[in-house]
Amino acid sequence: MRTGTEIGNAAGQIPMSQLEAEFDAVLLATGCMAASPLPLQGEWEKRELRGLEGVEYGLDFLMQMHRGVKKTVGKRVAVVGAGFTALDCARVAARLGAQEVTIHIRTAEEYIPVTQEEIFEAKREGVRIKGLRTPVGLTVEGNRLTGIEFVQNRLGGWRAGGRRQAIPIEGSEFHEPCDTIIIAIGQQTVNDFLGTKLELDRWGNVRVGVDGMTSHKGMFAAGDYVNGASTVVQAVGHGRQVAKRIDAWLMGRERRKQVVRLHRKGYGVMQVVELTGLSYPTVRSAIDRYEVGGLAAIKPSTRGKRAGQGRTLTAEQEQAIRQIICDKRPEQLKMEFALWSRAAVMQLIEREYGIKLSVRGVGNYLSRWGFTPQKPIKKAYEQRPEAVQ
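Summarised in this report is the structure supplied together with it.

Parameters at a glance
Residues numbered from 1 in each chain as written. Predicted model: local features only at pLDDT ≥ 70, side-chain atom pairs only at ≥ 80, totals over all residues. Heavy atoms only, no water. Helix = DSSP H or I, 4+ residues; strand = E, 2+ residues; numbered from the N terminus. Buried < 20%, exposed > 50% of the residue type's maximum accessible area, 1.4 Å probe, protein only. Areas by Shrake-Rupley, 256 points an atom, 1.4 Å probe, with all protein chains shown as cover. Lys, Arg positive; Asp, Glu negative; His and termini not counted. Charge placed at Lys NZ, Arg CZ, Asp CG, Glu CD. Pairing = 2+ DSSP bridges. Arc of directions from axis to C-beta. Polar contact = N/O pair within 3.5 Å; in protein donor to acceptor, adjacent residues only side chain to side chain. Contact = heavy atoms within 4.5 Å. Salt bridge = Lys/Arg side-chain N within 4 Å of Asp/Glu carboxyl O. Phe/Tyr/Trp six-rings, centres within 6.5 Å; stacked < 30°, edge-to-face > 60°. Axes fitted to C-alpha atoms, helices over the stretch in contact; angles between N-to-C directions. Parallel < 35°, antiparallel > 145°, perpendicular 65-115°, else oblique. Left-handed = near helix turned anticlockwise from the far one by under 90°. Nonpolar A, V, L, I, M, F, W, Y, C, P; charged D, E, K, R; others polar.

Attention now goes to the overall build of the chain. Secondary structure summary: the chain contains 13 helices and 13 strands in total. Expressed along its principal axes, the backbone C-alpha trace of the chain runs to roughly 80 × 60 × 40 Å. Going through the 389 residues of the chain one by one, you find that 38% of them count as buried. Entry remark: accessible area of the chain is about 22800 Å², with carbon and sulfur atoms responsible for 50%. Averaged over its 56 positive side-chain charges, the chain has a centre that lies 6 Å from the centre of its 43 negative ones.

See below:
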């Protein structure tokens, strides 16, 4: 383990190319290191907020606190976001002495993706939650924050993941005064340290194949760096899976060569099994393949298709299907499905382009697009359409 090491292209940092030269495989597991920017409108759309007095980003705010940096907040603190980070920031702000701490969310409190215990504890510390609002701008005096401009929302249909859409109401803008804003709407990955262009999905997360490898040979990725911000349990679980795939990729041929060396020295099959720790079928297969075709026969072949190769749909067709899924519900297209399940997407592709895919094939496309199939609840829709709407 090498501690105190920075990977990147700046002075004093180790470039990724050096790691690739030193090691046969490199695993990218840097997670979501950057806070997502606040999507404001008008003059604030592309303006950098970090230089403003009273503006904090939730991830940086908490990390600096953890590292012992002394932080201060104003009397009135507004936290924008609806996840665990937002609630943590709000509770920390209250403990730092803020007189008024409010969490502002796009939908309603009942759809906040955190546990009820977290909400209860936040309220117990005096944190208020205000829903159905989206920030569209800020107000400042000189370089100091004085408030936030919001637009009022109404609840729309259901999104993938069980949350409601927030639809802005035209002409409903209003102002909320505050001294500090903590932006906690999510985290995203950073790729500028790589020095190598990798294939990314629409959220900027790196794409990997079923073997955990990126579009660059020998470079693997795991955890939040692939799946976006999630839980520690999910990230660790994915890391374990990819570790096994890296091991299989690295050692596949070497272990077979070890089997062959022992076989040529006169060891029996069961002795080789005991010495290598491999299963009997693996050892038997390696020996049989070697005796037929030599060392070339035990070299593992590349399995599956590389990302972007051998797809049934063209790039234009993929884009069109993605757009339809985002813009329409199945019933609006007079389909027999209530939500976009894999079967519904399969029917849509067949109807639009005459291409019949398997359910697994559709699932692969949805995964590459970063979409999660919605659970089919047609019966619930038939019984209570207003609830599903």
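This part is about the pairing of strand β8 (residues 144-158). Where strand β7 (residues 133-141) meets β8, 8 bridges bridge the pair, whose relative direction is antiparallel. Paired with P135 across the strands is F150, a residue of β8. The hairpin formed by β7 and β8 contains 2 residues between the paired strands, and G142 there has a positive phi angle of roughly 70°. Bridge count between β8 and strand β10 (residues 174-177): 4 bridges; the pairing is antiparallel. Of the residues in β10, the one forming a bridge with G147 is P177.

Turning to helix α7 (residues 269-276), its buried residues number three or more, namely V269, V272, V273 and T276. Viewed end-on, α7 has its buried residues packed into an arc of 105°, placing them on one side of the element. The exposed residues of α7 that point more than 90 degrees off its buried face are M270, E274 and L275. Looking one or two residues beyond α7, the residue adopting positive phi is G277, at roughly 80°.

Mapped onto the elements, N205 comes out in the loop between β12 (187-188) and β13 (219-221). According to the relative accessible area criterion, N205 is buried, its value standing at 7%. A polar contact of 3.5 Å, which involves the side chain of N205, links it to the side chain of T189. The residues contacting N205, other than those within four sequence positions of it, are T189, E199, L200, Y225, V226, N227 and G228.

With that out of the way, let us pick up the pattern of salt bridges. Applying the stated rule across the entire model yields 17 salt bridges. When the shortest N-O distance is used, the salt bridge between E141 and R144 registers 3.1 Å. The class of E141 is exposed, set by a relative accessible area of 53%. For R144, a relative accessible area of 35% translates into the label partly exposed. Between E199 and R207 there is a salt bridge; the shortest N-O distance is 3.5 Å. Among the residues examined, E199 registers a relative accessible area of 25% and is labelled partly exposed.

All right, on to the packing of aromatic side chains then. As enumerated under the stated definition, the model contains 6 aromatic pairs in all. For the pair F220 and W249, a centre-to-centre distance of 5.4 Å together with 70° between the ring planes defines the contact as edge-to-face. Note that F220 is positioned in strand β13 and W249 in helix α6 (residues 232-264), a separation of 29 residues in sequence. For F220, a relative accessible area of 0% corresponds to the buried category. Between W369 and F371 the ring centres are 6.0 Å apart and the planes differ by 70°, which places this aromatic pair in the edge-to-face class. The exposure classification of W369 matches that of F371, with both residues buried.

Time to look at the packing of helix α3 (residues 84-95) against helix α4 (residues 116-124). Following both chains from N to C, one finds α3 and α4 inclined at 20°, their axes separated by 10 Å at the closest point. Of the possible angle classes, the one that applies to α3 and α4 is roughly parallel. Where α3 crosses over α4, the two elements pack in a sense that is left-handed. On α4, the residues touching F84, L87, D88 and R91 of α3 are E118, I119, E121 and A122. Its residues assigned to classes, the contact of α3 with α4 shows 4 nonpolar, no polar and 4 charged.

What follows covers the sheet that holds strand β5 (residues 100-104). Taking strand neighbours across the sheet as the criterion, the 5 strands line up as β3-β11-β4-β5-β6 in an open arrangement whose pairing is parallel. Of all strands in the sheet, those with a lone pairing partner are β3 (55-57) and β6 (128-130), marking the two edges. For this sheet, the mean inter-axis angle between neighbouring strands, taken without regard to orientation, is 25°. As paired elements, β5 and β6 share 3 bridges and run parallel to each other. Residue T102 lies in a different strand from β6, and its bridge partner there is R128. Together, β3 and β11 (180-183) form the strand contacts of helix α2 (residues 58-66), whose direction differs from that of β3 by roughly 80°. In the packing of α3 onto the sheet, contacts are made with β4 (76-80), β5 and β11, and the angle to β5 comes to roughly 170°.

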